Amino acid sequence: MMKIENLKADIGTKEILKGLDLTLEEGKVHAIMGPNGAGKSTLSKAIVGHYDVKITGGNIIYKGQSIVDMEPENRALKGIFLSFQNPVEIPGVNNAYFLRTALNAKRKHNGLAELNAAEFLRIMKGHLEGLGMKADMISRSLNEGFSGGEKKRNEILQMLILEPDVIILDEIDSGLDIDALRAVSEGINKMKDGKRSFLVITHYSRILDYIKPDYIHVLKNGRIIKTAGPELVAKLEAEGYESIEEEIR
Amino acid sequence: MKLAVFKHKTKEELCGLLRTDPAKDPLLARFITLGLPNKKSEAYRYFPIEPLLEKEYDRAVFIPKPIKEDQRIEIENGIVKCAPKGIRVYYKNNRHVDMEHFDPFYYLGHLLASNVIMIEIDGDVEVELLHRFTLPNTLIPYRLVIKNQANRHATLFESFEGEHAKSSLILYGYDLWTAKESSLRIVNNQTIQNDGYALIASHKFTVEKQANLVYKTFDFGDAAALNLFKADLDDYAHIDAGHLLYTTGNAIGGTVSQIVHKGEHSTSRQEAKNILDDHSRGIFDALIRVEHHAKYAKAYQNSKSILLGDDAYMAAKPQLEIYIDELEASHGATTGQLDPKQLFYLRSRGISQTEARKMLVIAFANTLIETIKDVRHQEEIKMSFEKTFYAQAKG
Ligand SMILES: Nc1ncnc2c1ncn2[C@@H]1O[C@H](COP(=O)(O)OP(=O)(O)O)[C@@H](O)[C@H]1O
Ligand SMILES: [Mg+2]
C-alpha cells in the first residue's frame, strides 16, 4: 500500500528523519512506538505533505506512485488521512460545512454526485451517535473551544466520513479518558476491512489493547530500529526503548 | 472635461466654469479653502487622486425624466428612473450642506450636481437603491439627500451596476439625516470588477438625538473606489459603522472617515476588516473626534487586515482625537496573513488550496457579513464576495 524508502527529512535546519524505511501492508495495522522527540509526528507530517517538513532524500511510494511532490489535498483525495496530534481550531468555519466540503471534494474526485446539506446530515447522524458526540458539535465552529477528547472524536468523525485507504493516527489516545478511548477505538475498528492500512503512532501501549496491531515498529533517532510482532509491546513496556537499542548494538 | 481645470482658481473663475447661482457662494468659498485634492491632501494621502483629475471625461447630461413606480429606487447615470410607492423621491435645489466637511469632493459634488435627489423614507420599511452607470469614460456627479422619520426603523440596501461604465468617474454621495429616536440601517454592496469605473463617494451623516445609524459597507473588486464620510453625533446618538474590504488586482480603496461626537452620551463603533489580494492597496483612515460637549461618550474603533497577495498593502490609521476626560475609548489595528496551520488542516482533508483560502477568508469576513439581519441580503453579499474571489483565483 505504501513504501517509505530511506526517507530523510528536516524541520527547519535540523535533520529529524535520517533514512527511515517502512512498508505499510494492505489490511494491516502498524503501530509505531518511540520516545518523545523521536520523529514520529515528523514522519506523519512527511506522509501528508506538511509544510514544516522538508524532504531531503528517499521516497514515499503510495499505490505505485511517488507522492513526495504531491500537493497535500491530492494526497488526501487519493486516500491518505492523518488524525493530527493537535488538531487546529478554526473559528468562523462551521464544522458541518467543513465536513461536507471535504466529503464533496472527495466524492467529486471519485466521480460521485455531491451531497446536499440534508443528505449529508443523514449520513452524519449515525456517526455522531457511535462516537458519543453531541449534535451541536457539528453546528459549532471547527474545533473551536472543543475539549481535547472532543477534538479527537472530531478527527475520527472525519475519518469515518472520508473513508480513506491509509489511516495515520498520531497519538489519538493522548488526553482521552477510558470512555472516549473506547468510542474512538470502536470508530477506528469499524474502518478495518482487510484492505485499509493503519499507522497507529503512540507512546503508550494502552490503545493497542483496543486496536490490535499486526506489527510493532520502534522509531528512534529518525529511524525504524526494530520491527516485530505484537509481542514486542510487553517487552517495551517492561524494559523501555533503551533495551532495544542495546540489543541492536 | 478635466477636473484639473478647477485647480487654483479664483471664485469668479470657478463661478464662470461651474455656472453656479449666488446661493452656492459659501460652497465655492469652502471648496477654494480646501482646494482640489492632491497628494498632500489629508483625505487623499493614500489614494492616487491625481490621475483621475488629469483624465479627460465626457460630461453626463442631466435631463430628469418622470419617475416611474417600481419595486426599488433606480438611479441611472445620476437620474432617477423609478421608485417604489410610499417613498417620496424628487429633485430639489437644496443646498443644506455641512460647512465643516473635510473632503473637497463633497463640495465639488454639490457644485457639479445641478439638483439633489431627495429620498424621504417613511415608516418602518426596507428600501432598495440601485445605482446604475451605463456611460463609458464619463464624469457622473450627483448628490442625494436621505431622510427618515422620527421613531421609525428603516433599512436601505444600496447596490451598484456598471458593466459598461468603463473608465468613468462617479462622484456621488448623500447628506443623510437620521431623525431623532429613529434607527436607519444602510447596507452598501459595492462590487466593481474588470477595471470598471472609479468611484468616490462622499457622505455626510447627521445622527440626531437618540437616533441609531447602522452603516455597513461591502466593497469588493479591482477598482479605485473610496468611501469618505463625516458623521456628526448628537446627544445619545449612536453609529455602528462596519467596513468589509476585499480588493484584488491593482485596486486601491477603502474608507476615509471622521466620526464626530458632538453630544453627550453619544456612542460610536467602527470596525473594518480588510482583505488585500494581489497588488492591491487598502485604506482605513479613520478619525474619531470627541468634542467638548460630548461628555460620557463611548468610542470603539478597530481594523483587522489580512494580506493575501505578496505585494498587497494596507494603510490602517485609526485615530482618536479627544477633548474631554469623561469618556470610554479604544482603538487598534492589526495586519497579518492567513494562518498556515489552518490552511494546511483544510487541505489535508482534500479541500483545494483555493477553496481552503476562501473558507478562511470568509470566516474572517463573516463577523461583518453576519451583522446583516436580512438573510437574503446576507446571501447576496456572500455571492458578490465569492464572485470576486473566484475571478481573482482564476486570473
Ligand atoms: N515545528 C517545529 N519546529 C522546530 N522543531 C520541531 C518542530 N516540530 C518538531 N520539532 C522537533 O523535531 C523533533 C521531532 O519531533 P516530533 O516528530 O514531533 O517527535 P515525536 O512526535 O516523536 O515526539 C523534536 O526534536 C522536535 O523538537
Ligand atoms: Mg508527536
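This one's a predicted model, so the numbers in the text were calculated from it and none came from an experiment. (Residues numbered from 1 in each chain as written. Chains lettered and ligands numbered in written order. Predicted model: local features only at pLDDT ≥ 70, side-chain atom pairs only at ≥ 80, totals over all residues. Heavy atoms only, no water.)

Draft legend 1. Representation of the overall build of chain B within the structure. Check the secondary structure of chain B and you find seven helices and 21 strands. Its C-alpha atoms give chain B a radius of gyration of 21 Å, within 12% of the compact-globule value 21 Å for 395 residues. Every one of the 395 residues in chain B was classed for burial, and the buried ones make up 59%. Long-range contacts, defined as pairs at least 24 residues apart, comprise 82% of the intrachain contacts of chain B with a sequence gap of at least 6. As displayed, chain B has an accessible area near 16,000 Å², and 48% of this comes from carbon and sulfur atoms. Here chain B contributes 50 positive and 53 negative side-chain charges, whose respective centroids are spaced 2 Å apart. (Helix = DSSP H or I, 4+ residues; strand = E, 2+ residues; numbered from the N terminus. Rg over C-alpha atoms; globule rule 2.2 N^0.38 Å. Buried < 20%, exposed > 50% of the residue type's maximum accessible area, 1.4 Å probe, protein only. Contact = heavy atoms within 4.5 Å. Areas by Shrake-Rupley, 256 points an atom, 1.4 Å probe, with all protein chains shown as cover. Lys, Arg positive; Asp, Glu negative; His and termini not counted. Charge placed at Lys NZ, Arg CZ, Asp CG, Glu CD.)

Draft legend 2. Representation of the interface of chain B and chain A in the model. If you look at the interface, chain B gives 19 residues, while chain A gives 30 residues. Of the roughly 2,000 Å² buried at the junction of chain B and chain A (both faces included), carbon and sulfur atoms supply 68%. On the chain B side of the interface with chain A, the three residues burying the most area are B:F344, B:Y345 and B:R349, jointly 41% of the side's total. Remark: the boundary between chain B and chain A carries three salt bridges. Between B:R349 and A:E155 there is a salt bridge whose closest N-O contact spans 2.7 Å. Where chain B meets chain A, there are 11 residue pairs in polar contact (both at pLDDT 80 or more). Sorting the residues of the side of chain B that touches chain A by element identifies α5 (340-347) and α6 (353-369) of chain B as the ones contributing at least two each. (Buried area = accessible area lost by both parts, 1.4 Å probe. Salt bridge = Lys/Arg side-chain N within 4 Å of Asp/Glu carboxyl O. Polar contact = N/O pair within 3.5 Å; in protein donor to acceptor, adjacent residues only side chain to side chain.)

Draft legend 3. Looking closely at the coordination of the magnesium ion (ligand 2). Residues and elements named next belong to chain A. Only S41 (OG) and Q85 (OE1) from the protein reach the magnesium ion (ligand 2) as donors, at distances of 2.0 to 2.3 Å. Remark: Q85 occurs in the loop between β6 (80-83) and β7 (90-94) and S41 occurs in helix α1 (residues 40-48); sequence separation between them is 44 residues. Residue Q85 is classed as partly exposed on the basis of its relative accessible area, which comes to 27%. (Donors = N, O, S within 2.8 Å, 3.2 Å for Na, K, Ca; no water.)

Draft legend 4. Inspection of the side chain of B:E158 at higher detail. Residue and element names in this part refer to chain B. On the secondary structure map, E158 appears in strand β9 (residues 153-161). Despite being buried, E158 has no salt bridge partner; R143 is the closest side chain of opposite charge, sitting 10 Å away. Here the side chain of E158 touches Y174 through a polar contact of 2.8 Å, side chain to side chain. Within the structure, E158 has its side chain in polar contact with the side chain of N188 (distance 2.9 Å). Among all residues touching E158, those that are not within four sequence positions of it are L129, H131, Y172, Y174, I186, V187, N188 and N189.

Draft legend 5. Looking closely at the packing of aromatic side chains. Residue and element names in this part refer to chain B. Following the criterion strictly, the structure yields 22 aromatic pairs over all chains and no others. A ring pair is formed by Y174 and F205, whose centres lie 6.1 Å apart and whose planes are at 25°; its orientation type is stacked. Of the two residues, Y174 sits in strand β10 (residues 169-178) while F205 sits in strand β12 (residues 198-207), which places them 31 residues apart along the sequence. For the pair formed by Y174 and F205, the shared burial category is buried. Summarising the aromatic geometry, the rings of F220 and F385 are spaced 5.5 Å apart at their centres and angled 80° between planes, so their arrangement reads as edge-to-face. (Phe/Tyr/Trp six-rings, centres within 6.5 Å; stacked < 30°, edge-to-face > 60°.)

Draft legend 6. Quick look at the sheet that holds strand β9 (residues 166-170) of chain A. Residue and element names in this part refer to chain A. With respect to topology, six strands assemble into an open sheet ordered β6-β9-β10-β3-β11-β12, the strand pairing being mixed. Of all the strands in the sheet, the pair left with one neighbour each is β6 and β12 (223-228). Each neighbouring strand pair of the sheet contributes to a mean axis angle of 20°, computed without reference to strand direction. Where strand β3 (residues 29-33) meets strand β10 (residues 197-202), five bridges bridge the pair, whose relative direction is parallel. Along β10, the bridge assignment pairs H30 with L199. Sheet strands touched by helix α7 (residues 232-248): β3, β11 (215-220) and β12. Its angle to β11, the strand with the most contacts, is close to 45°. (Pairing = 2+ DSSP bridges. Axes fitted to C-alpha atoms, helices over the stretch in contact; angles between N-to-C directions.)

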